[in-house]
Amino acid sequence: MTTETLLQRATEILAPFSKGNNNPETNRLDVEIEASDLPSATAALMDNQWGYLSAITPTDLGKEVNKLELLYHFCEGAAITSLRIYLPREDQPDVPTISDQIPVASFFERELGEMLGVHVVGTPDSSRLFLPDDWPDGVYPLREEFSMEQAAPVEPRETLPEMGRVGNKFTVPIGPQHPALKEPGHFEFAVDGEIITGARMRLGYVHRGIEKATEKRNWIQNLYLLERICGICSHTHTSAYAMGAEKLAQVEVPPRALAIREIVAGLERIHSHLLWLGVAAHEAGFDTLFMYSWRDRETVMDLLETLTGNRVNYSITVLGGVKYDFTAEHSRAIHKAMNYLEERIRYYLHIVTTDASFLQRTRGIGTMTLEEAKYFGALGPTARASGLERDVRIDSPYGAYHRFPVSLITDERGDLEARFEVRMKELLVSCFTIRTIVDNLPPGELAVRFPRKVPAGETVSRVEAPRGEAFYYIKSGGGESPVRLKIRTPSLCNWTSALNKAVGHQLADVPMLIAGMDPCFSCNDRMITVRRKNDSHTLTWSQMREYGIKKYASIREPK
Amino acid sequence: MNVSQNYVSQLMGRITTWARVNSPWAIHFNSGSCNGCDIEILATLTPRYDIERFGIKLRGSPRHADVLICTGPVTRQARERLLRTYEQMPDPKFVVAVGSCGISGGVFQGCYNIVGHINEVLPVDAFIPGCPPRPEAIIDGIVKLLTHLQNGTRPEPIQFAPQETA
Ligand code: SF4
């Protein structure tokens, strides 16, 4: 279906609730609805299989307008439908929950509550997700009147109340010293014997308040701030931001610059997936593979360095283009490196699909069916390993992906093994695409001028990060800095599926299950406290990991 | 203390210094970094850089560690965990701050959830600048710290001007 027909259908589906429609961009439909209609409007979209909930953007429109605005963004292919709700600005306005229909919404709703002070009626968990324990109640960082003085630390409160303990269940908290992308998290698993019966999490150890900070920095400064959301997918963030800003400023980026951006995105995917392969192998106790894959990852790091001058946070993107050009020397180096990597990746693909002891940790573990992947809103390779065809590069090609398309890799099995396979095959695709672009690099300018002030407007830009779709909503008021910038990173969505899939598995599988969704691990160590009924003791993540490895080793070698 | 006791204690001191300098164990703590520094620290472990040449090993538990390698600015939520990790380490302990964020708060200065840089929370012995520093720089920083230890000195503490809040 084309984008127009998709939007046409969405208009029809939402007609009974609509208080007014408009099309802010050609691929977007904006439907204003009453807050009380939200559950039924969502249900109508879901019943008609129209899209998935990608993000919720809460904005404070300020004292003058005296309203809060919530945007519920649903995406299908390249089409985006946003449900727009206006709420009164006084303390704690009500909005009904939709997390009973869409589980991933519960994270977004927790964010609504703590960031903007919206009271989500009926949401299953309204505890804090990002803000610190010593943050005062009733102070909301995204409100216009927020100032640092209001946020003076108060007596810390327990943000995760104890999970109910029944019979001989106990709770295993993991974290927070845990190396997720944007956010190290704290998890709690309720366990009955060996089997996990419940799971939940708390983020915010790495929450820095970047969304708010963007409002104080100008368009160019933001590029470098946003790059540092995540050192592993820094290029994703700069591309998403630059694309949005360029759309708003109506700047046409030269094709050569777009192609170079795609090359760097491809290299970033290779470095990220190889990094993940190493970390996941380490969690399974397969340290040889960890060392191998990280050794080969250095090939990509060298390429990134020769191309951009930096190994991490490459800063190749500027608003309006790219900074560095591509020479014949680079292309020779890339060809050589791609040949080498392709061979290595084939070898890894062979290992992860044949090594018996490795397969014991991955085959049939954490299986997620297609329906579940859809229901939990999984993204990226995690979703594609369950057969869900969801890839922004293909659904809604941006940048140079029109000209240099990539092929979609999916798998039907949905277990950990499938996720390994999908990622490795994606690397082969990346190698192939990079080569094609290098050989057919369009000539021309590298960058065009970008204005200091960006015309008022709002836009959505979506980019496929190594871990799934990254979602940016950018609103400009015509000034030197954005009025509102909303970022939703893929890992946040994948947590829902990982936590839900953990239920019913053994505690020993937890490291692999978490590593399997690639929550942007940097393999650092976490503290785990095992609380039994009467005693409580602390384990480190490595002890936890060893526990998993030993357990499987004992299954392997019958005593 | 008689002469032979004195000799023994000196010898013991030399042996512990020798052992400490040749096999410092480290723990890594991310108190709000973007992961850029963390992946570079991890890269130092891998074959290309191989920090184990210097006997340095990354450990999971603070109770085994001599060196605390910190990355990132300190967020409000992580501050207490950082202090707790530091307190759990046996004496003598050393702190290395990796990356611009850890040194000054970097790009995140003035964000509402940031307490400040690492030196505001813990006494830092070595600063390794860069965003992120290259693995070579990280190794160099740690080796410099070890050289100080070998000479029986501790790096001079650095005084910072108070940080401006935006
Ligand atoms: S110094 Fe740079 S790379 Fe390191 S954590 Fe800070 S922003 Fe990330």
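Every value quoted in this text rests on a predicted model; they were computed, and no experiment measured them.

Asks: How would you sum up the overall build of chain A? Please name residues and give values.
Replies: Helix and strand counts for chain A stand at 17 helices and 17 strands. When burial is assessed residue by residue, chain A has 65% of its 559 residues classed as buried. Summarising the internal contacts of chain A: among those between residues at least 6 apart in sequence, 68% fall at separations of at least 24. As displayed, chain A offers around 19600 Å² of accessible surface, 51% of which is attributable to carbon and sulfur atoms.

Asks: Describe the packing of helix α8 (residues 287–308) of chain A against helix α2 (residues 36–43) of chain B, naming the residues involved and giving the relevant values.
Replies: Running from N to C, α8 of chain A and α2 of chain B point in directions that differ by 120°, and their axes come no closer than 11 Å. Here α8 of chain A lies oblique to α2 of chain B, going by the angle between them. Considering only the axes of α8 of chain A and α2 of chain B, their crossing is left-handed. In this structure, α8 of chain A uses Phe 290, Trp 294, Arg 297, Glu 298 and Met 301 of chain A to contact α2 of chain B, whose residues at the interface are Ile 39, Glu 40, Leu 42 and Ala 43 of chain B.

Asks: I'd like a rundown of the site of the ligand, residues and numbers included.
Replies: If you check the shell around the ligand, you find Arg 228 and Asn 313 of chain A together with Ser 33, Cys 34, Gly 36, Cys 37, Gly 99, Ser 100, Cys 101, Gly 130, Cys 131 and Pro 132 of chain B and nothing else. Near the ligand, residues from chains A and B are present, making the site a shared one. Residue assignment for the shell around the ligand shows that the elements contributing at least two residues are α2 and α4 (100–104) of chain B. Considering only residue class, the shell around the ligand consists of five nonpolar, six polar and one charged.

Asks: Go over the domain arrangement of chain A with me, naming the residues and quoting the values.
Replies: Residues and elements named next belong to chain A. By domain assignment, chain A separates into domain 1 (3–159), domain 2 (210–524) and domain 3 (529–559). Taken over both partners, the interface formed by domain 1 and domain 2 buries close to 2400 Å², and the fraction arising from carbon and sulfur atoms is 58%. The largest share of the area that domain 1 buries against domain 2 comes from Tyr 52, Pro 103 and Phe 107, three residues that together contribute 22% of it. Seen at the junction of domain 1 and domain 2, the total is three salt bridges. When the shortest N-O distance is used, the salt bridge between Glu 458 and Arg 84 registers 3.0 Å. Contributions of two or more residues to the side of domain 1 that touches domain 2 are made by β2 (28–32), β3 (52–60), β4 (67–76), β5 (79–88) and α3 (105–116). For the side of domain 1 that touches domain 2, the element with the most residues is β3, which contributes seven residues. The class makeup of the residues in the side of domain 1 that touches domain 2 is 16 nonpolar, seven polar and eight charged.

Asks: Give a detailed account of the confidence of the model for chain A, specifying residues and quantitative values.
Replies: Residue and element names in this part refer to chain A. Taken over all residues, the pLDDT of chain A has a mean of 78, while the share at 70 or more is 83%. Note on residues 164–168: pLDDT is under 50 here. Beyond four places in sequence and across chains, it has nine contacts. Across residues 521–539, confidence stays below pLDDT 50; counting only partners more than four residues off in sequence or on other chains, it has 84 contacts.

Asks: If you had to explain empty space enclosed by the protein to someone new, which residues and values would you point to?
Replies: Residue and element names in this part refer to chain A. As enumerated under the stated definition, the model contains eight cavities of 30 Å³ or more in all. Computed from the structure, the second largest cavity encloses a volume of approximately 160 Å³. Lining the second largest cavity are 18 residues, with Ser 239, Arg 261, Ala 265, Tyr 398 and Tyr 401 sitting closest to its centre. When contributions to the lining of the second largest cavity are tallied by element, the ones reaching two or more residues are α6 (234–249), α7 (255–283) and β13 (457–465). Top element by residues in the lining of the second largest cavity is α7. It accounts for six residues. Considering only residue class, the lining of the second largest cavity consists of nine nonpolar, four polar and five charged.

Asks: Outline the pattern of salt bridges, supporting the account with residue identities and numerical values.
Replies: Evaluation of the coordinates by the stated rule reveals 33 salt bridges over all chains. Ionic pairing is found between Arg 311 of chain A and Glu 40 of chain B, a salt bridge with its closest N-O pair at 2.7 Å. With Arg 311 of chain A in the loop between α8 and β11 (317–318) and Glu 40 of chain B in helix α2, this pair bridges two chains. Judged by relative accessible area, which is 1%, Glu 40 of chain B ranks as buried. Arg 384 of chain A is paired through a salt bridge with Glu 426 of chain A; the nearest N and O atoms lie 2.6 Å apart. Residue Arg 384 of chain A is located in helix α12 (residues 380–384), and its partner Glu 426 of chain A is located in helix α14 (residues 416–439); the two are separated by 42 residues in the primary sequence. Pair check on accessibility: Arg 384 of chain A and Glu 426 of chain A agree, each one buried. In the salt-bridge network here, residues are joined through shared partners; they are Glu 25, Arg 28, Asp 30, Glu 69, Arg 84, Lys 247 and Glu 458 of chain A.

The rules we used
- Residues numbered from 1 in each chain as written.
- Chains lettered and ligands numbered in written order.
- Predicted model: local features only at pLDDT ≥ 70, side-chain atom pairs only at ≥ 80, totals over all residues.
- Heavy atoms only, no water.
- Helix = DSSP H or I, 4+ residues; strand = E, 2+ residues; numbered from the N terminus.
- Buried < 20%, exposed > 50% of the residue type's maximum accessible area, 1.4 Å probe, protein only.
- Contact = heavy atoms within 4.5 Å.
- Areas by Shrake-Rupley, 256 points an atom, 1.4 Å probe, with all protein chains shown as cover.
- Axes fitted to C-alpha atoms, helices over the stretch in contact; angles between N-to-C directions.
- Parallel < 35°, antiparallel > 145°, perpendicular 65-115°, else oblique.
- Left-handed = near helix turned anticlockwise from the far one by under 90°.
- Near = heavy atom within 4 Å.
- Nonpolar A, V, L, I, M, F, W, Y, C, P; charged D, E, K, R; others polar.
- Domains from an automatic or database assignment.
- Buried area = accessible area lost by both parts, 1.4 Å probe.
- Salt bridge = Lys/Arg side-chain N within 4 Å of Asp/Glu carboxyl O.
- pLDDT = per-residue confidence, 0-100.
- 1 Å grid on protein atoms, 1.4 Å probe; cavity = no way out; pocket = protein on both sides within 12 Å on 5 of 7 lines; lining within 4 Å.
- Points joined across faces, edges and corners; volume = space filled by probe spheres on them.

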